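A closer look at the structure
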Amino acid sequence: MSKINKAACVGGGVIGGGWIARFLLAGIDVDVFDPHPEASRIVGEVIANAERAYAMLTGAPQPPRGKLTYCETLEEAVVDADWIQESVPERLDLKRKVLTEIDAACRPDALIGSSTSGLLPTDLQRDMRFPERLFVAHPYNPVYLLPLVEIVGGEKTSHGAIKVAMEKLPPIGMKGVHIAKEIEAFVGDRLLEALWREALWLIHDDICTVETLDDVIRYSFGLRWAQMGLFQTYRIAGGEAGMRHFLAQFGPALQWNWTKLMDVVDLDDALVEKIGQQSDEQADGLSIRELERIRDENLVGILQALKGGHGGKGWGAGKLLKDFEHTLWTASGSRKHPEDIARPLRLVEANVSPAWVDYNGHMTEHRYLQVFGDTSDALLRLIGVDFAYVERGHSYYTVETHIRHLGEAKLGQAIHSTCQLLSADEKRLHLFNTIHDTATGQAIATAEQMLLHVDAKAGKAALAPGEVLSKIKPISEVHAKLPIPDGVGRHVGQKR
Ligand SMILES: NC(=O)C1=CN([C@@H]2O[C@H](COP(=O)(O)OP(=O)(O)OC[C@H]3O[C@@H](n4cnc5c(N)ncnc54)[C@H](O)[C@@H]3O)[C@@H](O)[C@H]2O)C=CC1
Ligand SMILES: C[N+](C)(C)CC(=O)CC(=O)[O-]
């Protein structure tokens, strides 16, 4: 897999800040140039939001955060980067100037992506000495959570640069789509622009308020779009005859006068004030940072739901997240045993995600089992039972679990789990896992589990091979000397 080794971000506003967070959390060092006097505060707040979101998004082991450096000059920031992302304001003259400066100062083999929302790459690369490595890399806000990047080449962009750019996105959890022909605003912003124009007319003409308009989207097709987009959604809406019937039935309506698409509303002072006031009322006192955090929690919940979609295989952006986590787990497989195996092994770190919280306002039952399952999986990887081992046809299956709830875990709370190996033989692993509140160390829940080594193809228990048993042995020998934890062997209804 082709990876970015060192990134540079020129411009650290809403989008530049999001790119910086995306790179850093993928373990990539980032050099930043932004002359704004408060650039480091603004970027710092975006990174804090991103770290909070990632802690809720995934329990997969994230790489150590990259190093962030603010540079005094653009030249200093880009000099040794292999991916440079330009995110300065949307003005052709400014972007051309900045891109030409980047081009002159960076390595000859560095890739240069522009975050522009709609300018043509051919126009952007006009004055560059090495225009073949410039492409549009158009992301979506928040860049650290939304995975899409539209990759668009200009007349002078090389096929090689596009190919390498596409390859470098999955290792940072992103999905590149190559837009074959350059047009203003590419694909995403073409669609958004059409909706935005209509929306402004609907407010201008007093058809609805901004809140009603947002409700129309978020209670209906907005939910559909997140998981199936437009065409697949309409395929289903055509009934059993699918897309052809949908086109036959609703195609003629396109000729009716439903839209004001080519008219642009006049954003005069009165309309700006009207929209501004309605937007203030809709926000109901919530600050932009608070709204960002609510947005991030919701996005995390949606991504996690999509990860479980399609019978657990993952669907759309959730499938991408699942694949990304697979990469993270595989990368962590090479990690050594925890330093101190003479104590219960600390195996999983997590923050309680929004999707884990129930109507009682705390972590819901089945998420405990998920964290306990992740803990047992982490132990299995330590003893060599990783993805490759499972693909070869053997695994451990859980045959019994007893969970005790001793405390509560609230939204966003940092938790971690430990595992004590109570006993092990050629087929069985008897585990005692505990979830702790990371701030206090208090136990919140425990799970006693029995795992059985199986031949998955034959569908029956089988002896674990020597290579696995030899990794279990040192742990089980020292854990046998630990006190038996309170709660081992308990069953429901038992007197204390
Ligand atoms: N805000 C959005 O929703 C999205 C914006 N974009 C694109 O991203 C780019 C940046 O937009 P935003 O981040 O929203 O703008 P912004 O105004 O939040 O940030 C722009 C940053 O560039 C800095 N800057 C200005 N001149 C500079 C220079 N010569 N060198 C280095 N930094 C400089 C500013 O100090 C500022 O921090 C634009 O091309 C925009 O079209 C793309 C996707 C979404
Ligand atoms: C408003 N915008 C054109 C800058 C939006 C984008 O480019 C993408 C997004 O995040 O919506």
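Owing to the predicted nature of the structure, the values given are computational and were not obtained by experimental measurement.

In the numbering used here, UniProt assigns the feature "binding site: NAD(+)" (unreviewed entry) to G11, G12, G13, V14, I15 and G16. The class for G13 is partly exposed, based on a relative accessible area of 29%. With near-sequence residues (within four places) excluded, G13 lies in contact with G18 and D34. Tracing the backbone through its elements, the reader meets V14 in helix α1 (residues 14-25).

Before going further, it helps to examine the site of ligand 1. Taken together, 22 residues sit near ligand 1, with I15, D34, E90, K95 and S117 positioned nearest. Within the backbone of I15, one N or O atom sits 2.9 Å away from an oxygen atom of ligand 1. The contact in question runs from an oxygen atom of ligand 1 to an N or O atom on the side chain of E90, over 2.5 Å. Protein chains bury 74% of the 820 Å² of accessible surface belonging to ligand 1 in isolation. Taken together, the elements giving at least two residues each to the shell around ligand 1 come down to α1 and α4 (92-105).

So, on to helix α6 (residues 159-168). Regarding α6, the residues found buried are A161, I162, A165 and K168. Looking down the long axis of α6, one finds its buried residues gathered within 130° of arc, a one-sided arrangement. Turned more than 90 degrees away from the buried face of α6, the exposed residues are H159 and K163.

Note that predicted coordinates carrying low pLDDT should not be read in detail. The share of residues in the protein chain with pLDDT of 70 or more is 98%, and the mean pLDDT across the chain is 94. Prediction confidence for the complex, expressed as pTM and ipTM, is 0.84 and 0.98 respectively.

The next subject is the site of ligand 2. Taken together, S117, H138, Y140, N141, D189 and L192 form the complete shell of residues around ligand 2. S117 places a side-chain nitrogen or oxygen 3.0 Å from an oxygen atom of ligand 2. Between ligand 2 and N141, the relevant distance is 3.0 Å, taken from an oxygen atom to a main-chain nitrogen or oxygen of the residue. Burial of ligand 2 by the protein amounts to 51% of the accessible area it has alone, namely 320 Å².

Many descriptions give the size of an interface as the accessible area lost when the pieces come together. The domains assigned to the protein chain are domain 1 (6-186), domain 2 (189-285) and domain 3 (337-479). Centre-to-centre, using C-alpha coordinates, domain 1 lies 30 Å away from domain 2.

Strand direction decides the pairing type here: strand β10 (residues 394-405) and strand β13 (residues 443-455), joined by 11 bridges, are antiparallel. Following the sheet pairing, H405 is matched in β13 by A445. Both strand β12 (residues 428-437) and β13 contribute to a ladder of 9 bridges, which runs antiparallel. Across the sheet, the residue bridging to T434 is T446, located in β13. Hairpin connection from β12 to β13: 5 residues lie between these consecutive antiparallel strands, with G441 at a positive phi of about 85°.

Before going further, it helps to examine the packing of aromatic side chains. Using the criterion set out here, one finds 6 aromatic pairs in the structure. Aromatic side chains F221 and W225 sit 4.8 Å apart centroid to centroid with 50° between the ring planes, which places their arrangement in the tilted category. Of this pair, F221 and W225 both sit in helix α8 (residues 210-228), 4 residues apart, which is roughly one turn of that helix. By relative accessible area, W225 is classed as partly exposed at 37%. Between Y234 and F246, the aromatic rings sit 4.3 Å apart at their centres with planes inclined by 20°, giving stacked as the arrangement. On the criterion of sequence distance, the pair formed by Y234 in helix α9 (residues 231-237) and F246 in helix α10 (residues 242-250) is long-range, its members being 12 residues apart.

Here we take up the nonpolar core. Of all hydrophobic cores here, the largest spans 40 residues; its most connected members are F23, W83 and L145. Within the residue set of this core, elements represented by two or more residues are β1 (6-10), α1, β2 (29-33), α2 (39-57), β6 (134-138), β7 (148-153), α6 and α12 (288-307). A total of 8 residues in this core trace back to one element, the largest contributor, which is α2. In this structure, I415, C419, A445 and I472 belong to the second largest nonpolar core, which totals 33 residues.

Right, let's talk about the side chain of T233 for a bit. Considering the arrangement of structural elements, one finds T233 in helix α9. If we ignore the near neighbours within four places in the chain, the residues touching T233 are R224 and M228.

What counts and how
- Residues numbered from 1 in each chain as written.
- Chains lettered and ligands numbered in written order.
- Predicted model: local features only at pLDDT ≥ 70, side-chain atom pairs only at ≥ 80, totals over all residues.
- Heavy atoms only, no water.
- UniProt positions renumbered as here; feature names shortened; annotations may be inferred.
- Buried < 20%, exposed > 50% of the residue type's maximum accessible area, 1.4 Å probe, protein only.
- Contact = heavy atoms within 4.5 Å.
- Helix = DSSP H or I, 4+ residues; strand = E, 2+ residues; numbered from the N terminus.
- Near = heavy atom within 4 Å.
- Polar contact = N/O pair within 3.5 Å; in protein donor to acceptor, adjacent residues only side chain to side chain.
- Areas by Shrake-Rupley, 256 points an atom, 1.4 Å probe, with all protein chains shown as cover.
- Arc of directions from axis to C-beta.
- pLDDT = per-residue confidence, 0-100.
- Domains from an automatic or database assignment.
- Pairing = 2+ DSSP bridges.
- Phe/Tyr/Trp six-rings, centres within 6.5 Å; stacked < 30°, edge-to-face > 60°.
- Core = buried A, V, L, I, M, F, W, Y, C linked by side-chain atoms within 4.5 Å.

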